[in-house]
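# Structural overview for review
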Amino acid sequence: MKILIPFFAVIALVVIALVGAQASHALFGIWIPYAAVLIFVFGFIFKVLKWGRSPVPFRIPTTAGQMKSFAPWIKQNKLDNPSSSLGVLGRMLLEVLAFRSLFRNTKTQLYPGTKLTYGSEKFLWLGGLAFHWSFLIIFVRHFRFFMQDVPYPIQIVEHLDSFLQIGAPLLYITDVVLLGAVTFLFLRRVMMPQIKYISLPADYFPLLLIFGIGATGVLMRYFAKVPVVSVKELVMGLLTFSPVIPQGISSLFYAHLFLVSTLLAYFPLSKLMHMGGVFLSPTRNMANNNREVRHINPWNYPVHVHTYEEYEDDFREKMKKAGLPVEKE
Amino acid sequence: MATKVTTPKPDQLVTSIDFTPPKTGWMDTPTIIKPGTFCWGAKGKNLATVEFPNARDWNPSDQDWKLPENWQEIFLKGMEDLLGKYRSFKVFMDICVRCGACADKCHFFIGSGDPKNMPVGRAELLRSVYRKYFTASGKMLGKVAGARELTVDVLKELWYYAYQCTECRRCSLYCPYGIDTAEITIMCREMLNLLGLNTDWISGPVANCYMKGNHLGLEPHAIMNSIEGMIDDIETVTGVRVNPSFNRKGAEILFVTPSGDLFADPGTFTCMGYLALFHELGLDYTWSTYASEGGNFGFFTSNEMAKRLNSKIYAEAKRLGVKYIIGGECGHMWRVLHQYMDTWNGPADFLEVPVSPITGTRFDTAKVLKMIHITEFTADLIKHGKLKLDPSRNDDLVVTYHDSCNTSRGMGLLDEPRYVIKSVCNNFYEMPENTIREQTFCCGSGTGLNASENMELRMRGGFPRANAVKHVKEKHGVNMLANICAIDRATLSASMDYWVPGVRVTGVHEMVANALIMKGEKERETNLRGEPLPGKEGN
Ligand code: SF4
Ligand code: SF4
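Residues numbered from 1 in each chain as written. Chains lettered and ligands numbered in written order. Predicted model: local features only at pLDDT ≥ 70, side-chain atom pairs only at ≥ 80, totals over all residues. Heavy atoms only, no water.

### Let's talk about the interface of chain B and chain A
- Opposite the 117 residues of chain B that make contact, chain A presents 90 residues.
- For the pairing of chain B and chain A, the buried interface totals around 9100 Å² over both sides, and the portion due to carbon and sulfur atoms is 58%.
- Sorting the residues of chain B by area buried against chain A places Arg87, Arg98 and Thr365 of chain B first, and these three jointly supply 9% of that buried surface.
- One salt bridge in this structure joins glutamate 292 of chain A and lysine 367 of chain B, with 3.8 Å as the shortest N-O distance.
- Residue composition of the side of chain B that touches chain A, by class: 52 nonpolar, 30 polar and 35 charged. (Contact = heavy atoms within 4.5 Å. Buried area = accessible area lost by both parts, 1.4 Å probe. Salt bridge = Lys/Arg side-chain N within 4 Å of Asp/Glu carboxyl O. Nonpolar A, V, L, I, M, F, W, Y, C, P; charged D, E, K, R; others polar.)

Structure below.
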């Protein structure tokens, strides 16, 4: 069920787009994409503001190496246990761009004869990295649909991405990598018993959805060969707020666009918000300089304590007998 | 409540570990509260002492937990409150992608195979409730969105697994977003405390610490008696009579250590180590009977309780007019001091930046907190050649070092203790890389889980750490497990006896004092434990 519900949901989305686009190009080519972008932008901002409303009362970095020591002769691990803003920046960059923490991943194994091992396990790191980076590059490549003249940096990206020079149109490596990585992440979820056990429909849905987006994209580029000029006209229309529906765009394109719209609208409501959340994670984005720089808790309030005076009242005679100094004789 | 609980033998325990998840989904797999894996419920009188709500005696194995009528409302209100107070909690509830990177990093999962003990599993127990009551999709889609009602059974499950997490943060190290299940457990325990659902082993020490200044409930004269005994023992071993002071105004330094060090072996030997070292230095320091606890079991109940207990340290430093504070060897104590104390009870502007009176070193990294770790203090002494040491007195020891969770992942104190150890003993071997430093494994009994009725749970949780010790025992003949934590000294002793018999446990300053050549000492025949020194076995 956990897999079937999202699977059929994605199939249904494709069917809706294929059928619906015949009925109304404007709905699927103009209004739904507009709505999706609005939901994405406002939803994202809303969510981040909602997180931001809760303060960070304590400075709680998870320290992952030697701290800045009092002693210059003890070497600090400045990236995994930063004590300055610059260090935190470095740690965050490593985390966001290179998935530092996942790189640490190990796999626990229990052998007969009570032997535990923790071998390095880099597949999740590799799969995650391949997925996110190819997604990003594909996104960037799409800018050629969003701009009148394709800017030079994007041309370079396209060029590099197709350096294998296979086929016509040229094969983009990231297309293959993205679909491969999504498949890997999906299979991993289904095949590893523990991961499968904790997976929710909300974990399968985005994977299947993104697979759908990638698949429709690939079909359009390499097989159905959707007229690029018309697509660009539509997209430019959307961007300049003078939407047009050019002739000759196949339903496949609308399916692609509809899946992307779904992803955008789904994003702020879902775990995909880890994209924003990772920047707000207090165990990663704070410097470990607790003993050096004061951290203020905005809701710190006075508490009821058991004072020394009360303590002495409780034990005065015993204290005197034991020869301890007291405040009140 | 004194039902006899038997702990399985090590080989039985290992063969019972099954990593195959149950056939039924976790929401549909009822949680059975199993003897040997939980602690007795809190006593009403202890909760009442610290003014906690819904104080009553209750028993986790009873059907009826005597919950207040509106328990659900209280719990959810508490959750709303905490979501509003902690960004960490809110973000961690929202962004987990269930990638499973944390799954096999938890010692309780490794030792039990129970998927609800995977950090992500543990967090989902609460997250499902969060979704049901705090997210639109959970409210509308229910189970499809991973949401579930908060029923009495769910509440019991939350309690059961919140007390099978030692808040060690190992999971958060591997999580790509730094999701710290310890933080989630902390929140969960705080909500449970609104319903009086604490354990006896935590609430007893909290009440003690509040009223008497330390977890063990040692009254002022008892503390002094305990230390008197150590003074005698030190004299027997070294011929030197040390002379500490208590509650003395005008001392330069206040020394605070966990009360466990005053009470039971091998912690007492560590404590003798402090006493001998400070005496040898002629340090102008004092103990306090009021602030006689460095540890903080309040931290395992609620943030407010932790602050209430912690307040005594600065209050006492102020009353006595000391310049700064040195803290003894303890794990969670140092997370609390390092990451919370100044924010709670600072600024300590009545204190001065710590300066070692012996070497003149200024501890600028502690310039706000005004409290330094004893291994920092000692490492500095050794580096400056201020201690006369004879490491060969520890030659009968083949030592490895266990990093405490809290000093590793909540501070980063890794090389200071190692420097001290390597200076005072000749045979030192590290455990495998993935089990030390920031990747260290919990002793298995932290956060107030070191009771006796949950011994099976403790031994399960202690399995990964013990297994790494076993490895170095077999490879290098390690026979001594050093650490800087009072809880470790107690719990690792039990875990070694169970998993790796023949390996004993020591604090770092016990080894320091054994190696320390004191002024006016007699020819030493034994170590602080009264065992013959290497080469003196015949005497
Ligand atoms: S590693 Fe982090 S994101 Fe992955 S399952 Fe664990 S808590 Fe969730
Ligand atoms: S904090 Fe430690 S005990 Fe708790 S879930 Fe994480 S790894 Fe397990």
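### Notes on the domain arrangement of chain B
Residues and elements named next belong to chain B.
- The domains assigned to chain B are domain 1 (25-198) and domain 2 (204-515).
- Measuring from the centre of the C-alpha atoms in domain 1 to the corresponding centre in domain 2 gives 30 Å.
- Taken residue by residue, the interface counts 35 residues in domain 1 and 41 residues in domain 2.
- Taken together, both faces of the contact between domain 1 and domain 2 bury some 3100 Å²; the carbon and sulfur share is 58%.
- Viewed at the interface, domain 2 and domain 1 are joined by 2 salt bridges. (Domains from an automatic or database assignment.)

### Describing the site of ligand 1
- Lining the immediate surroundings of ligand 1 are Cys96, Val97, Arg98, Cys99, Gly100, Ala101, Cys102, Val120, Cys175, Pro176, Tyr177 and Ile179 of chain B.
- Mapping ligand 1 onto the cavity grids shows that it belongs to the second largest cavity. (Near = heavy atom within 4 Å. 1 Å grid on protein atoms, 1.4 Å probe; cavity = no way out; pocket = protein on both sides within 12 Å on 5 of 7 lines; lining within 4 Å. Sits in = over half its atoms within 2 Å of the grid points.)

### What to know about the packing of helix α5 (residues 123-141) of chain A against helix α8 (residues 173-191) of chain A
All names here are of chain A.
- Direction vectors running N to C along α5 and α8 enclose 140°, while the axes themselves pass 8 Å from each other. By the angle class used here, α5 and α8 are oblique. Regarding α5 and α8, the two cross each other, and that crossing is left-handed. For the pair formed by α5 and α8, the contact residues are Phe123, Leu124, Gly127, Gly128, Ala130, Phe131, Ser134, Phe135, Ile137, Ile138 and Arg141 on the first element and Thr174, Asp175, Val177, Leu178, Ala181, Val182, Phe184, Leu185 and Arg188 on the second.
- A breakdown of the residues in the contact of α5 with α8 according to their chemical character gives 13 nonpolar, 4 polar and 3 charged. (Axes fitted to C-alpha atoms, helices over the stretch in contact; angles between N-to-C directions. Helix = DSSP H or I, 4+ residues; strand = E, 2+ residues; numbered from the N terminus. Parallel < 35°, antiparallel > 145°, perpendicular 65-115°, else oblique. Left-handed = near helix turned anticlockwise from the far one by under 90°.)

### Some details on empty space enclosed by the protein
All names here are of chain B.
- Within the structure shown, the criterion is met by 14 cavities of 30 Å³ or more.
- Considering only enclosed or pocket space, the largest cavity measures out at about 150 Å³ in volume.
- As for the largest cavity, its lining consists of 16 residues, and the residues nearest its centre are His332, Cys405, Asn406, Gly446 and Cys485.
- Looking at the lining of the largest cavity, the elements that each hand over two or more residues are α15 (331-345), α17 (405-409) and α20 (486-499).
- When residues are assigned to domains, the lining of the largest cavity turns out to be shared by domain 1 (25-198) and domain 2 (204-515), each giving three or more.
- Each pocket or cavity is described by its volume, and for the second largest cavity that value is around 120 Å³.
- Taken together, the residues that form the lining of the second largest cavity break down as 13 nonpolar, 2 polar and 2 charged. (Points joined across faces, edges and corners; volume = space filled by probe spheres on them.)

### Section: helix α12 (residues 251-266) of chain A
- Compared with the 22 Å implied by 1.5 Å per residue over 16 residues, the 22 Å span of α12 of chain A between its first and last C-alpha is a close match.
- Counting buried residues in α12 of chain A gives 14 out of 16 residues, a clear majority hidden from the surface. (Expected span 1.5 Å × (residues − 1). Buried < 20%, exposed > 50% of the residue type's maximum accessible area, 1.4 Å probe, protein only.)

### Some thoughts on the pattern of salt bridges
- The final tally for this structure, using the stated rule, is 53 salt bridges over all chains.
- Across the pair arginine 284 of chain A and glutamate 95 of chain A runs a salt bridge, and its minimum N-O distance is 2.9 Å. Here arginine 284 of chain A, found in the loop between α13 (274-280) and α14 (308-321), pairs with glutamate 95 of chain A, found in helix α3 (residues 85-98); they are 189 residues apart in sequence, far enough to count as distant. The two residues arginine 284 of chain A and glutamate 95 of chain A agree in class, both being buried.
- In this structure, glutamate 531 of chain B and arginine 504 of chain B form a salt bridge, with 2.7 Å as the shortest nitrogen-oxygen distance. Here glutamate 531 of chain B, found in the segment after α21 (508-515), pairs with arginine 504 of chain B, found in strand β7 (residues 504-507); they are 27 residues apart in sequence, far enough to count as distant.
- With a relative accessible area of 23%, glutamate 531 of chain B lands in the partly exposed category.

### Section: a nonpolar patch on the surface
All names here are of chain A.
- A cluster of nonpolar side chains, namely Leu86, Leu89, Leu93, Leu97, Trp133, Phe135, Leu136 and Phe139, defines an oily patch on the protein surface of about 770 Å² accessible area.
- Elements represented by at least two residues in the nonpolar patch include exactly α3 and α5.
- In this fold, phenylalanine 139 is placed in helix α5. (Patch = residues over 30% accessible without salt bridge, like charges linked within 9 Å, V, L, I, M, F, W, Y side chains within 5 Å. Areas by Shrake-Rupley, 256 points an atom, 1.4 Å probe, with all protein chains shown as cover.)

### Quick word on the packing of helix α14 (residues 303-320) of chain B against α15 of chain B
Residue and element names in this part refer to chain B.
- Running from N to C, α14 and α15 cross one another at 85°; their axes reach a closest spacing of 9 Å. Put simply, α14 runs roughly perpendicular to α15. Taking contact as the criterion, the partners of Asn303, Ala306, Lys307, Asn310, Ser311, Ile313 and Tyr314 in α14 are, on α15, Val336, Leu337, Tyr340, Met341, Asp342, Trp344 and Asn345.
- Looking at side-chain class alone, the contact of α14 with α15 contains 8 nonpolar, 4 polar and 2 charged residues.

### Quick word on the side chain of threonine 174 of chain A
Residues and elements named next belong to chain A.
- Mapped onto the secondary structure, threonine 174 falls in helix α8.
- Given the relative accessible area of 7%, threonine 174 is considered buried.
- Those residues in contact with threonine 174 that sit more than four places away from it in its chain are Ser134, Ile137, Ile138, Arg141 and Asp161.

### Some points on the site of ligand 2
- Near ligand 2, the surroundings consist of Cys106, His107, Pro119, Arg122, Cys165, Thr166, Glu167, Cys168, Arg169, Cys171, Thr181 and Ala182 of chain B.
- Of the residues contributing to the shell around ligand 2, the split by class is 6 nonpolar, 3 polar and 3 charged.

### Some points on the packing of aromatic side chains
- All told, the structure shown has 51 aromatic pairs over all chains when counted by the stated rule.
- Here the aromatic rings of tryptophan 31 of chain A and tyrosine 34 of chain A are separated by 6.1 Å at their centres, their planes lie at 50°, and the arrangement is tilted. Highlighted residues: tryptophan 31 of chain A and tyrosine 34 of chain A, both in helix α2 (residues 25-53), separated by 3 residues, approximately one helical turn.
- Aromatic ring contacts, followed pair by pair, group Phe58, Trp299 and Tyr301 of chain A together with Tyr86, Phe297, Phe299, Phe300, Tyr340 and Trp344 of chain B into a single cluster.
- Taking the ring centre of phenylalanine 441 of chain B as reference, the NZ or CZ of arginine 170 of chain B above it sits at 3.7 Å. (Phe/Tyr/Trp six-rings, centres within 6.5 Å; stacked < 30°, edge-to-face > 60°. Lys NZ or Arg CZ within 6 Å of the ring centre and 35° of its normal.)

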